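If you want the building blocks of each chain, they are given just below.
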Amino acid sequence: MTVVLTLAAAITATLLAGPAAANPAGADRPLPTTIDLPDGFQPEGIAIGPGPFAYFGSRADGRIYRVNLVSGAGAQLSPAVGTASLGMKTDNRGRLFVAGGGGGNARVVDTRTGAVLASYAFTTGTTFVNDVILLDGSAYFTDSRQAVLYKVTTGRHGELPASFTTLALTGDFVLTPGVNNLNGIAATPDGRALIAVQSNTGFLFRIDPRTGATKRIDTGERTFVNGDGLWLAGRTLYVVQNRDNKVVAVDLDRAGRTGRVRAERTDPRFDVPTTIAQFGHRLYLPNARFTTTPAPDTAYTAVSVAAF
């Protein structure tokens, strides 16, 4: 799963990163809470780590932009690929797993060089490969237009495979044609299953990663319509409701079968935030600005708020 570092660890990682990283003296100042992304970028995905680096994906052309969260400095890591870069996660080998949206695909990118290490063509049908989580040596990708997960399992020593598995979803989850269904994905607190949010209904589902069997998570009367990115911290599941401009903290039991809303936050800087990742005690979210017509000079940002 994405590595979350304390500020002290971030400074150590910055030193190890060499001259391209921020001066550790910057740690004497608060970390930037608003990050400028390239004009016209149309961000959607975010991943953080290893080290104090955030990676943002463009839904417009698939570019990936890397930002040092200590200094706020950023630069392009990977060029346009012709399909989107949506949900993303990094592993401890410095690899970035990227969901490819309407391209029905995914790729793995080297976080040091930007090189594409592997590509996977999941489907050519109706598709929207939306988000990804890493669990027990496998990457699981949601498809918002199909009742499946795509599973990429690495080798014993982390080798990237040539093939993938399509895992059909059964049980409580019901696909609604023509709209975005399963979106963000995370692991349960005990690490034995997956959790995904269905954007159109607002339901959370627990998914067996071996069989694809789904069970709706009991959250009482509460649903999460427009649910997008998910982030698990301990037993707290953060759910981003994009067009509602808010993040909701849901307290889960260890198995991820029940959950209760503990708190929610909004921020005047939110402008349709989508995905979410954590660095230290702060949560970072890119503003996709879905309600703003994109143009080459449209400004985009990512913002951070204190974890709650």
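The structure contained in this document is the topic of the report that follows. Computed from a prediction, not measured in an experiment: that's the story for all the values here.

Each value, and the rule that gives it
- Residues numbered from 1 in each chain as written.
- Predicted model: local features only at pLDDT ≥ 70, side-chain atom pairs only at ≥ 80, totals over all residues.
- Heavy atoms only, no water.
- Helix = DSSP H or I, 4+ residues; strand = E, 2+ residues; numbered from the N terminus.
- Rg over C-alpha atoms; globule rule 2.2 N^0.38 Å.
- Buried < 20%, exposed > 50% of the residue type's maximum accessible area, 1.4 Å probe, protein only.
- Contact = heavy atoms within 4.5 Å.
- Lys, Arg positive; Asp, Glu negative; His and termini not counted.
- Charge placed at Lys NZ, Arg CZ, Asp CG, Glu CD.
- Pairing = 2+ DSSP bridges.
- Axes fitted to C-alpha atoms, helices over the stretch in contact; angles between N-to-C directions.

A count of helical and extended segments in the protein gives 1 helix and 25 strands. For the protein, the C-alpha radius of gyration of 18 Å lies close to 19 Å, the compact-globule estimate for 308 residues. By principal-axis analysis of the C-alpha atoms, the protein measures approximately 55 × 45 × 40 Å. By residue count, 55% of the 308 residues in the protein fall in the buried class. By sequence separation, contacts in the protein at least 24 residues apart represent 48% of the contacts at least 6 residues apart. Measuring between centres, the 29 positive side-chain charges of the protein sit 4 Å from its 24 negative side-chain charges.

What follows concerns the sheet that holds strand S4 (residues 64–68). An order of S2-S3-S4-S5 is seen for the 4 strands of this open sheet, with the pairing classed as antiparallel. Among the strands making up the open sheet, the edge pair consists of strand S2 (43–48) and strand S5 (74–78). Taking the axes of each pair of neighbouring strands and ignoring which way they run, one obtains an average angle of 30° across the sheet.

Strand order in this open sheet of 4 strands is S6-S7-S8-S9, and the pairing throughout is antiparallel. Each edge of the open sheet carries a strand with a single partner, namely strand S6 (88–90) and strand S9 (116–121). For this sheet, the mean angle separating the axes of adjacent strands, direction not counted, is 15°. Here 5 bridges tie strand S8 (residues 105–110) to S9, and the two strands are oriented antiparallel to one another. Paired with asparagine 105 across the bridge in S9 is alanine 121.

Of all 5 residues that make up strand S16 (residues 194–198), 5 are buried, and the element is covered over most of its length. Neither face of S16 is exposed, since Leu194, Ala196 and Gln198 on one face and Ile195 and Val197 on the opposite face are all buried. Here strand S15 (residues 182–187) pairs with S16 via 4 bridges, running antiparallel. Each residue of the ladder has a partner; that of alanine 186, found in S16, is isoleucine 195. Hairpin connection of S15 to S16: 6 residues between the antiparallel strands, including glycine 191 at a positive phi of 70°. Here S16 runs beside strand S17 (residues 204–207); their pairing, made up of 4 bridges, is antiparallel. Bridge assignment links leucine 194 to a residue of S17, and that residue is isoleucine 207.

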